[in-house]
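If you want the building blocks of each chain, they are given just below.
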Amino acid sequence: MTSSLRKKEARIAWLFITPYLIGFTLFHFLPVLLSAVLSLTDMRYISMIDKTHFIGLGNYFEMSRDPEFWNAFCNSIVYSICFVPFVMAAGLLLAVLVNQKIHFRNGIRAMIFMPYVSNMVAIAIVWSILLDPVDGIVNQTLSALGVNQAPMWLMGSKTALYSVVMIAVWREVGLQFVTYLAALQEVPTELKEAAQIDGAGRFQQFFYVTLPLIRNTTFLLTITSIITSLKNFTIIQVLTAGGPGNSTTVLPLNIVDTAFSSARMGYASAQAMVMFVLVMGVTVI
């Protein structure tokens, strides 16, 4: 009887997960498999299948000598190094502040989370206007405060990538904030009270009681933030399109440009596989 019930439950379970498995196979697994195959060919976006040749690891050897690829790779790493700690720290700080007994707390939560669910194109337009080096309100304010040479922000080759990181942190911090806020509300007040009775101050309570209890949340958000920072095509495309020059060209942008502007589908697939291995390595770790 028990065996029959388990089989019935298993059939029902498979019935529920089958739609997801079909979608995953069609839109995730098969494209990855196809990209792996194409990365071993010289296929061009505008060429016929019969003119495609198997070249083995030729694309990967070319990639190792390609300065554009290494520029995009380094930009992606710099972006991740800047983005992850800032978005994590900002999310935790906001969560700690809003977790206090303050007025209009629910409204503040909504305002912090709002950018995360806002349209990226609209956000890009607003920030482009704000950070305009000539007419933008940010530089006008800096000039009024006595700053002689205000930053070029999105227009400067040395400042564009960091400006994009700043905007990305502002947009993505809502997810870290909400997740950290939920974790902080699960921390038992009894432990804080016990630490207070033992003479621990607020900072000691935070570092020795609260932080250890939310370490699993921190670990999860660290992994998801790293993956998000590596899959950063949309925000850079709408803000700078990889410019000025190639100062903000990251791996996803370089892959799309190689595939559709240079029409080198095989070479773009090889770059995509490198990015896939990079993201998968972070996920596995």
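Here's what I pulled together on the structure shown here.

Cut-off values and rules
- Residues numbered from 1 in each chain as written.
- Predicted model: local features only at pLDDT ≥ 70, side-chain atom pairs only at ≥ 80, totals over all residues.
- Heavy atoms only, no water.
- Helix = DSSP H or I, 4+ residues; strand = E, 2+ residues; numbered from the N terminus.
- Rg over C-alpha atoms; globule rule 2.2 N^0.38 Å.
- Buried < 20%, exposed > 50% of the residue type's maximum accessible area, 1.4 Å probe, protein only.
- Areas by Shrake-Rupley, 256 points an atom, 1.4 Å probe, with all protein chains shown as cover.
- Lys, Arg positive; Asp, Glu negative; His and termini not counted.
- Charge placed at Lys NZ, Arg CZ, Asp CG, Glu CD.
- Axes fitted to C-alpha atoms, helices over the stretch in contact; angles between N-to-C directions.
- Parallel < 35°, antiparallel > 145°, perpendicular 65-115°, else oblique.
- Left-handed = near helix turned anticlockwise from the far one by under 90°.
- Contact = heavy atoms within 4.5 Å.
- Nonpolar A, V, L, I, M, F, W, Y, C, P; charged D, E, K, R; others polar.
- Salt bridge = Lys/Arg side-chain N within 4 Å of Asp/Glu carboxyl O.
- Polar contact = N/O pair within 3.5 Å; in protein donor to acceptor, adjacent residues only side chain to side chain.
- Expected span 1.5 Å × (residues − 1).
- Bend = angle between axes of the 7 residues up to and from the residue.
- Disulfide = S-S within 2.5 Å.

### Regarding the overall build of the chain
Alright, step 1. Counting its regular elements, the chain contains 13 helices and 0 strands.
Alright, step 2. Put simply, the chain runs from its N terminus to its C terminus through helices and strands in the order α-α-α-α-α-α-α-α-α-α-α-α-α.
Alright, step 3. Its C-alpha radius of gyration of 24 Å places the chain more than 25% over the 19 Å reference for a compact globule of 285 residues.
Alright, step 4. On the principal axes, the C-alpha backbone points of the chain span a range of 80 × 75 × 30 Å.
Alright, step 5. For the chain, the residues scored as buried account for 34% of the 285 residues in total.
Alright, step 6. Surface exposure of the chain reaches about 17600 Å², of which carbon and sulfur atoms provide 69%.
Alright, step 7. Across the chain, the 17 positively charged side chains and the 14 negatively charged ones have centroids separated by 10 Å.

### Comments concerning the packing of helix α12 (residues 251-261) against helix α13 (residues 265-284)
Alright, step 1. At a closest axis distance of 7 Å, the pairing of α12 and α13 adopts a crossing angle of 165 degrees. By the angle between their axes, α12 is roughly antiparallel relative to α13. Classified by chirality, the crossing of α13 by α12 is left-handed. Two secondary-structure elements touch here, α12 through L251, P252, N254, I255, T258, A259 and F260 and α13 through M265, Y267, A268, Q271, A272 and M275.
Alright, step 2. Considering only residue class, the contact of α12 with α13 consists of 10 nonpolar, 3 polar and no charged.

### Here we look at the pattern of salt bridges
When the charged atoms of two side chains lie near each other, side chains of opposite charge can form a pair.
Alright, step 1. Here the structure, examined in full by the defined rule, presents 2 salt bridges.
Alright, step 2. Two residues, R264 and E62, come together in a salt bridge whose shortest N-O distance is 2.9 Å. With R264 in the loop between α12 and α13 and E62 in helix α2 (residues 58-64), the pair connects residues that are 202 residues apart, well separated along the chain.
Alright, step 3. When its relative accessible area of 25% is taken as the criterion, E62 is described as partly exposed.
Alright, step 4. The shortest N-O distance in the salt bridge between E172 and R171 comes to 3.0 Å.

### Digging into the environment of A144
Alright, step 1. Note that A144 resides in helix α6 (residues 137-144).
Alright, step 2. Relative accessible area serves as the criterion here: at 68%, A144 is assigned to the exposed category.
Alright, step 3. Sequence separation between A144 and C74 is 70 residues, and the spatial gap between their C-alpha atoms is 36 Å.

### Details of unusual backbone geometry
Alright, step 1. Residue G243 is joined to P244 through a cis peptide bond whose omega torsion reads -10 degrees.
Alright, step 2. Position of P244 among the secondary structure elements: in the loop between α11 (233-239) and α12.
Alright, step 3. Even without a glycine there, the phi angle at A241 is positive, about 55 degrees.
Alright, step 4. Here A241 shows up in the loop between α11 and α12.
Alright, step 5. Even without being a glycine, A263 presents a positive backbone phi close to 60 degrees.

### With respect to the side chain of S225
Alright, step 1. Inspection of the secondary structure puts S225 in helix α10 (residues 215-230).
Alright, step 2. Of the residues examined, S225 reaches a relative accessible area of 1% and is grouped as buried.
Alright, step 3. Only 2.6 Å separates the side chain of S225 from the backbone oxygen of L221, close enough to count as a polar contact.

### Points about helix α7 (residues 160-185)
Alright, step 1. Here α7 is 26 residues long and its end C-alpha atoms lie 37 Å apart, about the 38 Å a rise of 1.5 Å per residue gives.
Alright, step 2. Bending of α7 peaks at approximately 40 degrees at the position of E172.

### Structural notes on the state of the cysteines
Alright, step 1. If you walk through the whole model with that rule in mind, you get 0 disulfides.
Alright, step 2. Looking at C74, it has no disulfide partner, and the nearest cysteine sulfur is the one in C82, 13 Å off.
Alright, step 3. Judged by relative accessible area, which is 43%, C74 ranks as partly exposed.
Alright, step 4. The exposure class assigned to C82 is buried, which follows from its relative accessible area of 18%.

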